[in-house]
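So you can see what is in the structure, the chains are spelled out below.
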Amino acid sequence: MQEAELIEKHIKKIPRGNIFFAESIYKKYPVKVVQRVLLRLVKNNEIGTICRGMYFRPQKNRYFPGSVIPPETEKIVKAISKRTGEIISVHGAVALNQIGLSTQIPMHEIYYTTGRSRYIKINGKNRIKLVHVNPKKIIMPNTVTCHVVTALWYEGKRYLKPRVVGKLHSRLGDKYFSEVLLHIDKMPAWMRKVFVRYKNMHPDDPELGEDPDEYWRG
């Protein structure tokens, strides 16, 4: 069996929906032969591209047999993070929606990264936007605390008041809100101050009531 056939057989053994890297194949076969096979498989829609040297085996779609269905975005983001070493986390606008403080959803898939700002192209099209952010703004990635801090940092000091923390408490419930309180020492001082103040307030405090004139995304 020729090298090209062996390479193709190797690639087609990768489960559908999985991501793989060209360098892992370069270790076993000649680089130029691997590149030719990859190019041919991409043209035939048998594999898809994510970014340089990063590919995926398309998932099957019975309604659109010829379409190239990429892996879930989270899977792609995790693979990029593992490869580059950068921390990639939820964007503030997305975090607001996920913790129930906003009904707005960004039109494009967007994430914060400690790496450089850029677009991740899936089969040549800009599909995922990565926005550089100071690493100190990504606290405890992939946790409820991370989502809360990211969302509130996105909104800024002007909007963080005890009534907002109260709204957050009701959205998260006691279990997850308690988890956030365990890590308030990791919040910036201006944010921590409001949470501490909320903890010491009586439930009937007027400041916890709704203010119809107050702007809030949610």
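If you're wondering where the values come from, they're calculated on a predicted model, not measured in any experiment.

Reading the values: rules and limits
Residues numbered from 1 in each chain as written. Predicted model: local features only at pLDDT ≥ 70, side-chain atom pairs only at ≥ 80, totals over all residues. Heavy atoms only, no water. Salt bridge = Lys/Arg side-chain N within 4 Å of Asp/Glu carboxyl O. Helix = DSSP H or I, 4+ residues; strand = E, 2+ residues; numbered from the N terminus. Buried < 20%, exposed > 50% of the residue type's maximum accessible area, 1.4 Å probe, protein only. Core = buried A, V, L, I, M, F, W, Y, C linked by side-chain atoms within 4.5 Å. Contact = heavy atoms within 4.5 Å.

Student: Sorry, what's going on with the pattern of salt bridges here?
Tutor: Once their charged atoms are close, side chains differing in charge can pair, the charge on each being opposite to the other. The final tally for this structure, using the stated rule, is 5 salt bridges. Among the ionic pairs, E23 bridges to R83, the shortest N-O distance being 3.2 Å. You can see E23 sitting in helix α2 (residues 22–26) and its partner R83 sitting in helix α4 (residues 73–84), a full 60 residues away along the chain. Here E23 falls in the partly exposed class, since its relative accessible area comes to 33%. The partner of E86 in a salt bridge is R118, with the nearest N and O atoms 2.6 Å apart. Residue E86 is found in the loop between α4 and β4 (88–90), and its partner R118 is found in strand β6 (residues 118–122); the two are separated by 32 residues along the sequence. With respect to burial, E86 and R118 carry one shared label: buried.

Student: In this structure, what is going on with the nonpolar core? I would like to understand it.
Tutor: One broad trend across soluble globular proteins is that nonpolar side chains are buried collectively. Membership of the largest hydrophobic core comes to 27 residues, with the highest contact counts inside it found for V148, L152, L168, L172, M191 and F195. Among the elements of the structure, α5 (92–98), α6 (144–155), α7 (162–181) and α8 (189–199) are those that each provide at least two residues to this core. Contact partners of M191, with chain neighbours within four places excluded, come to V149, L152, W153 and L160. In terms of nonpolar packing, the next biggest core, distinct from the first, is built from 15 residues, V68, I80, I88 and L130 among them.

Everything listed here is a matter of coordinates, which is why it stays silent on function.
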